[in-house]
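Fold and contact review
Okay, here's what each chain looks like letter by letter:
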Amino acid sequence: MDFAPSEEQRAIFDLAREFGAEHIAPHARTWEAEGTIPRTLWPELGALGFGGLYVRESSGGSGLSRLDATLVFEALSMACPSVAAFLSIHNMCAKMIDAFGSEEMRARVLPEALPMQTVLSYCLTEPGSGSDAAALKTRAVRGAEGWALTGTKAFISGGGYSDAYVVMARSGAAGPKGISAFLVEDGRPGLSFGGLEDKMGWRAQPTRQVQFDNCAIPATNLLGEEGHGFRYAMSGLDGGRLNIAASSLGAAQAALDATLSYMGERQAFGQSLDRFQALQFRLADMEIELQAARIFLRQAAWKLDRGAPDATRFCAMAKAFVTETGSKVADACLQLHGGYGYLADYGIEKIVRDLRVHQILEGTNEIMRLIVARQLLEARG
């Protein structure tokens, strides 16, 4: 394994970082206060090829590796992890449509989704089924002209904001094999949304319940094969976990960079804070932890790209380790800022709030540990 990024990978990272610094970071606090991300941002990201990062080139996507994609999310999250994470969700949906959708669905959806003229959201979680996603209760009933969906999805980023939703619903018996995946466009009769959720972090992302009341969709909106929806949903999670880990990494790096600048300027007891050895050790610890997290993340992405048999375990381990490291570093940066770290003007408290949810979504870190433990025990025999 070559740990040095290629010239192309450095260019990808720099492109994303420069875009974030110019077009996202200056507005991140305003978007958080408004509780929304301007729709005009997405076509600008789409023009860079970021709307279909790992969609096949033959389908109009960028055809990047999962490792390449983590560089994009790491760089963008240095400007705002909430925006970067929302882009990850859109990419997960686009990849599912490319990988499992019919030729007709790809031709209908991807030409607008890839340049991000339309924005996609992912609907799996329900009020009564979080970690136990296979227990979902949203029903899909086949009719003469298509399907009718009834049920409620919870914690949906882009609820009431996105143009279409990739929805997992039960079309058959209990268990994962009774679940199918569907595409539901905004404006369908029977589709409605709950109130805007008031969240600790990710406040720029509109989050609502997505509700289906005998919501009618055509037969062509079945994604892939009936009964395969849970497998499709899970197939995107390894990569999604890497993206969320990358978002933690980039935001924590931004916090550390800001802290280094702050400690060189802030004076106490006649010298700058970065002259105190005890505080230097704190900085060193954070650098060590972030570098270890970065290598672990890239190793997991490398395994996923190569289809390694232990890729899922490494993605789970990386997701748990990197998201927890990111939160730990961001919190330490807040502490080193003292009272100023608690003020919104310095940007650190937003990073602390935004990163906390990364330990919960894309599978809680407890579930990540369960995945790791089960695979260890299976390997033991």
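Relevant structure appears above.
Throughout what follows, the structure given in this document is the object of discussion. (Residues numbered from 1 in each chain as written. Predicted model: local features only at pLDDT ≥ 70, side-chain atom pairs only at ≥ 80, totals over all residues. Heavy atoms only, no water.)

1. Here's the deal with the packing of aromatic side chains
How we decide: In this scheme Phe, Tyr and Trp rings, the latter by its six-membered ring, pair at centre separations within 6.5 Å, and the angle between planes marks the pair as stacked below 30 degrees, edge-to-face above 60, and tilted otherwise. Secondary structure elements are taken from DSSP: a helix is a run of H or I of four residues or more, a strand is a run of E of two residues or more, and numbering for both begins at the N terminus. Think of it as a cone above the ring: NZ of Lys or CZ of Arg counts as a charge over the ring if it is within 6 Å of the ring centre and within 35 degrees of the ring normal.
The final tally for this structure, using the stated rule, is ten aromatic pairs. Aromatic side chains tyrosine 262 and tyrosine 340 sit 6.3 Å apart centroid to centroid with 55° between the ring planes, which places their arrangement in the tilted category. Here tyrosine 262 is found in helix H8 (residues 237-265), whereas its partner tyrosine 340 is found in the loop between helix H10 (311-337) and helix H11 (348-356), with 78 residues between them in sequence. Ring centres of phenylalanine 296 and phenylalanine 321 lie 5.7 Å apart, and the angle between their planes is 55°; this geometry places the pair in the tilted category. Here phenylalanine 296, found in helix H9 (residues 277-305), pairs with phenylalanine 321, found in helix H10; they are 25 residues apart in sequence, far enough to count as distant. Taken together through their ring pairs, the aromatic side chains of Trp42, Phe86 and Tyr161 make up a single cluster. One residue, arginine 39, lies across the ring of tyrosine 161, its end atom 5.0 Å from the ring centre. The ring of tyrosine 54 is capped by arginine 66, whose NZ or CZ atom sits 3.7 Å from the centre of that ring.

2. Brief notes about the packing of helix H4 (residues 66-77) against helix H5 (residues 81-100)
Axes are the key here: two packed helices are described by the angle between their axes and the distance separating the axes. Where we set the bar: Here the axes come from fitting lines to C-alpha atoms, over the contacting stretch only for helices, and the angles between their N-to-C directions go from 0 to 180 degrees. Should an angle lie under 35 degrees it is considered roughly parallel, over 145 roughly antiparallel, and from 65 to 115 roughly perpendicular; all remaining angles are considered oblique. Take the far helix as your reference; a near helix turned counterclockwise from it by less than a right angle gives a left-handed crossing, and one turned clockwise gives a right-handed crossing. The contact criterion used is simple: two residues touch if any of their non-hydrogen atoms lie within 4.5 Å.
Two numbers describe how H4 lies on H5: the axes approach to 7 Å, and their chain directions differ by 150°. In this view, H4 runs roughly antiparallel relative to H5, as classed from their interaxial angle. Here H4 runs over H5; the crossing is right-handed. Contacts between H4 and H5 involve Arg66, Phe73, Leu76 and Ser77 from the first element and Pro81, Ala84, Leu87, Ser88, Asn91 and Lys95 from the second.

3. Here we look at the packing of helix H1 (residues 7-24) against H4
The criterion, for reference: Throughout, the ten residues Ala, Val, Leu, Ile, Met, Phe, Trp, Tyr, Cys and Pro are labelled nonpolar, Asp, Glu, Lys and Arg are labelled charged, and all others, Gly among them, are labelled polar.
Between H1 and H4, the shortest axis-to-axis distance is 8 Å and the interhelical angle comes to 25°. Viewed along their axes, H1 and H4 adopt a mutual orientation that is roughly parallel. Here H1 runs over H4; the crossing is right-handed. On the side of H1, the interface is formed by Gln9, Ile12, Phe13, Ala16, Arg17, Phe19, Gly20 and Ile24, while H4 contributes Leu67, Asp68, Leu71, Val72, Glu74, Ala75 and Leu76. For the contact of H1 with H4, the residue count by class is ten nonpolar, two polar and three charged.

4. What about the layout of surface pockets?
Operational definition: Using only the protein atoms, space was sampled on a 1 Å grid; points where a 1.4 Å probe fits but cannot get out form cavities, open sets with protein on both sides within 12 Å along at least five of seven lines form pockets, and lining residues are those with an atom within 4 Å of a point. Grid points are joined across faces, edges and corners, and a volume is the space filled by probe spheres set on the points.
Counted as a void, the largest pocket has a volume near 1,200 Å³. Lining of the largest pocket is provided by 39 residues; of these, Thr125, Ile360, Leu361, Glu362 and Gly363 occupy positions nearest its centre. Within the residue set of the lining of the largest pocket, elements represented by two or more residues are H5, strand E3 (146-157), helix H7 (229-235), H8, H11 and helix H12 (365-380). Among the elements that take part in the lining of the largest pocket, H12 stands out by supplying five residues, more than any other. Grouping the amino acids of the lining of the largest pocket by side-chain chemistry returns 21 nonpolar, ten polar and eight charged. For the second largest pocket, the lining is made up of 24 residues, of which Ala25, Met78, Ala79, Ala254 and Ile351 are closest to its centre. Secondary-structure elements contributing two or more residues to the lining of the second largest pocket are H1, helix H2 (28-34), H4, H8 and H11. Sorting elements by how many residues they give to the lining of the second largest pocket places H8 first, with four residues. Among the residues forming the lining of the second largest pocket, the class breakdown is 15 nonpolar, four polar and five charged.

5. Focus on H5
Quick note on the threshold: How far a helix is expected to stretch is found by multiplying one less than its residue total by 1.5 Å. Only protein chains enter the calculation, and the probe is 1.4 Å; a residue is then buried if its accessible area is under 20% of its type maximum, exposed if over 50%, and partly exposed in between.
Between the first and last C-alpha of H5 there are 28 Å, a value that for 20 residues agrees with the 28 Å anticipated at 1.5 Å per step. Counted residue by residue, H5 has 17 buried out of 20 residues, so it is predominantly covered.

6. Let's talk about the nonpolar core
Selection criterion: In plain words, nonpolar cores are sets of buried Ala, Val, Leu, Ile, Met, Phe, Trp, Tyr and Cys residues tied together by side-chain atoms within 4.5 Å.
Ile24, Trp42 and Leu76 are the most contacted members of the largest nonpolar core, which totals 72 residues. A per-element tally of this core places H10 first, with 13 residues. In terms of nonpolar packing, the next biggest core, distinct from the first, is built from 29 residues, Ile97, Leu114, Ala134 and Val166 among them.

7. Regarding the pattern of salt bridges
The line we're drawing: For salt bridges, the criterion is a side-chain nitrogen of Lys or Arg within 4 Å of an Asp or Glu carboxyl oxygen.
One pass over the structure, following the stated rule, counts 20 salt bridges. Two residues, aspartate 310 and lysine 303, come together in a salt bridge whose shortest N-O distance is 3.2 Å. Each member of the pair, aspartate 310 as well as lysine 303, is classed as buried. The partner of glutamate 324 in a salt bridge is arginine 369, with the nearest N and O atoms 2.9 Å apart. Taken together, the residues glutamate 324 in helix H10 and arginine 369 in helix H12 connect sequence positions 45 residues apart. Taking the relative accessible area as the measure of exposure, glutamate 324 reaches 27% and is therefore partly exposed.

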